[in-house]
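# Per-entry structural report
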Amino acid sequence: MVDAESFKGWAGVDEKACEGKLEFQSFEVKPWDEDDVDVKILYCGICGSDASALSGEWGPVKDSVPQICGHEIVGEVIRVGEKIENGIKLGQLVGIGAQSDSCRECGDCKAHNENFCPKQTITFNQTFNRGNGKGSISRGGFAKYWRGPSRFAIPIPDGIDPAVAAPLLCGGVTVYTPLERYGAGTKAKNVGIIGVGGLGHMAILLANAMGANVTAISRSDSKQKDAEKLGARAYIATGDDVQAALKPHARSLDLIICTSNPPKFPVADYMSLIRPEGTFCFVGIAPEPLEVPTFPLITGTIAIAGSYIGSPDTIARLFKFVSEKKVEPWIQKWDMDDINKAMPAFQRGDPKYRFVLVNTDNGGKV
Ligand SMILES: [Zn+2]
Ligand SMILES: [Zn+2]
């Protein structure tokens, strides 16, 4: 059991947080509910959404301080309530992703698609809507401890390095969900992954492990060697003339997962890559609306889609898949005490390809 004063973490207090100005401080944690667990945090990944929130892209940081971000949390269960779910036991390793709660009453919750719940709570800076915790703010994993509903603390099976499990919890499941939904390796034999970064590198690893022929698509050829090591069998460097670069690959892909989000994304050019009845799926948020010509959409019978994180059940399936297939995301570890060096490095685009923060004093291993 942790007393409330032990909940300390690295807080964003203004827009300079990502420049290395996170402040270590105590924070108020949600009141205990009997379906909660307390988790001693060992590892936490850094995801693009943490940087978006902490740099003020989602609204002024000052409006909800302290901001305790971090939503790829791995740790050890140190307290369990009387009504816990998932059969969680004391001492168990669990992971918490981008979502920390949902209503449990709507159709999507009842179908265990909690990531579609209209009353969901994301893991940082949002309000809990149920039980004793109603009205309190969710706190993420840039901290020593985490408290929240056990439904969203997913057991980590043996066979996964707990540090490597961290990036699977948001980035990994974000790409795994559409790869699974659209049948990568089965219905969709040929899969294109746009962007070789945090999400893209995991998408290449996972699609390859599912048995798909993977084509990695990036702006320059600087990521080609890495993409091939990750399992890509083809590589397209688009350069400045996207149309010319894509032309030789027309109608070669059944599914494209787009993990990059440049302004004015030329989706019409990329549609030429898709085979009839194929799907182009976005998982990164494009800053500007898309221009989609309907003629090739109709004649190719192409679906343009989006996909949002994944449910707790999907995360559990991802863990099982990764432990069976021995998929290992490429991570670089930082002591969490060095978060004010890690965050600016993340912002510079340094991760190859995911940063994981380690609480060494809680037993995490650098
Ligand atoms: Zn719901
Ligand atoms: Zn994320």
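Above this note sits the structure.
Now for a description of the structure that goes with this document.

Procedures and definitions
- Residues numbered from 1 in each chain as written.
- Chains lettered and ligands numbered in written order.
- Predicted model: local features only at pLDDT ≥ 70, side-chain atom pairs only at ≥ 80, totals over all residues.
- Heavy atoms only, no water.
- Salt bridge = Lys/Arg side-chain N within 4 Å of Asp/Glu carboxyl O.
- Helix = DSSP H or I, 4+ residues; strand = E, 2+ residues; numbered from the N terminus.
- Buried < 20%, exposed > 50% of the residue type's maximum accessible area, 1.4 Å probe, protein only.
- Pairing = 2+ DSSP bridges.
- Axes fitted to C-alpha atoms, helices over the stretch in contact; angles between N-to-C directions.
- Parallel < 35°, antiparallel > 145°, perpendicular 65-115°, else oblique.
- Left-handed = near helix turned anticlockwise from the far one by under 90°.
- Contact = heavy atoms within 4.5 Å.
- Nonpolar A, V, L, I, M, F, W, Y, C, P; charged D, E, K, R; others polar.
- Polar contact = N/O pair within 3.5 Å; in protein donor to acceptor, adjacent residues only side chain to side chain.
- Donors = N, O, S within 2.8 Å, 3.2 Å for Na, K, Ca; no water.
- Tetrahedral: all angles 85-135°; square planar, octahedral: opposite > 155°, others 65-115°.
- Phe/Tyr/Trp six-rings, centres within 6.5 Å; stacked < 30°, edge-to-face > 60°.

### With respect to the pattern of salt bridges
- Applying the stated rule across the entire model yields 20 salt bridges.
- In this structure, R130 and D101 form a salt bridge, with 3.1 Å as the shortest nitrogen-oxygen distance. Of this pair, R130 sits in the loop between β7 (121–122) and β8 (145–149) while D101 is found in strand β6 (residues 99–101), placing the two residues 29 residues apart along the sequence.
- Judged by relative accessible area, which is 23%, R130 ranks as partly exposed.
- D101 gets classed as buried once you look at its relative accessible area, which sits at 3%.

### With respect to the sheet that holds strand β13 (residues 253–258)
- The parallel open sheet is built from six strands, whose spatial order is β12-β11-β10-β13-β14-β15. Every interior strand has two partners, whereas the edge strands, β12 (234–237) and β15 (303–306), have only one. Ignoring strand direction, the axes of neighbouring strands in this sheet form an average angle of 20°.
- Judged from the four bridges that link them, strand β11 (residues 213–218) and β12 form a sheet pairing that is parallel. Paired with S218 across the two strands is A237, which belongs to β12.

### Looking at the packing of helix α3 (residues 162–181) against helix α4 (residues 198–209)
- Two elements in contact, α3 and α4, have axes separated by 9 Å at closest approach and are oriented at 55°. Judged by the angle between their axes, α3 and α4 are oblique. Here the hand of the crossing between α3 and α4 comes out right-handed. Packed against α3, whose contacting residues are P167, L168, G171, G172, T174, V175, Y176 and L179, the element α4 presents L199, M202, A203, L206 and A207 at the interface.
- Of the residues belonging to the contact of α3 with α4, the class tally is ten nonpolar, three polar and no charged.

### Comments concerning the side chain of R151
- Structurally, the position occupied by R151 is in the loop between β8 and β9 (154–155).
- By relative accessible area, which is 7% here, R151 ends up buried.
- Among the polar contacts listed, one links the side chain of R151 to the side chain of H112, at a separation of 3.0 Å.

### Some points on the coordination of the zinc ion (ligand 2)
- Distances from the zinc ion (ligand 2) to its protein donors, namely C47 (SG), H71 (NE2) and C170 (SG), fall within the range 2.0 to 2.2 Å.
- In the primary structure, the donors to the zinc ion (ligand 2) are separated according to the pattern C-x23-H-x98-C. Note that H71 is positioned in the loop between α1 (48–54) and β4 (73–80) and C170 in helix α3, a separation of 99 residues in sequence. Summarising the burial analysis for this pair, H71 and C170 share the class buried.

### A look at the coordination of the zinc ion (ligand 1)
- Of the protein atoms, only C103 (SG), C106 (SG), C109 (SG) and C117 (SG) coordinate the zinc ion (ligand 1), at distances of 2.3 to 2.4 Å.
- Classification of the site at the zinc ion (ligand 1) as tetrahedral follows from its four donor atoms and the range of 104 to 118° in their angles at the metal.
- Each donor residue of the zinc ion (ligand 1) belongs to the same chain, and together they define the spacing C-x2-C-x2-C-x7-C. With C103 in the loop between β6 and α2 (107–110) and C117 in the loop between α2 and β7, the pair connects residues that are 14 residues apart, well separated along the chain. Just as C103 is buried, C117 falls in that class too.

### Observations regarding the packing of aromatic side chains
- Taken as a whole and assessed by the stated rule, the structure comprises 13 aromatic pairs.
- Arranged with centres 6.1 Å apart and planes meeting at 65°, the rings of F7 and F27 form a pair that is edge-to-face. Of the two residues, F7 sits in the segment before β1 (8–11) while F27 sits in the loop between β2 (23–26) and β3 (36–45), which places them 20 residues apart along the sequence.
- Relative accessible area serves as the criterion here: at 6%, F27 is assigned to the buried category.
- Centroid distance W58 to F124: 6.2 Å. Interplanar angle 10°. Geometry classified as stacked. Here W58 is found in the loop between α1 and β4, whereas its partner F124 is found in the loop between β7 and β8, with 66 residues between them in sequence.
- What makes F124 buried here is its relative accessible area of 3%.
- Three or more aromatic residues joined by ring pairs make a cluster, and in this case those are F265, Y270, F280 and F282.

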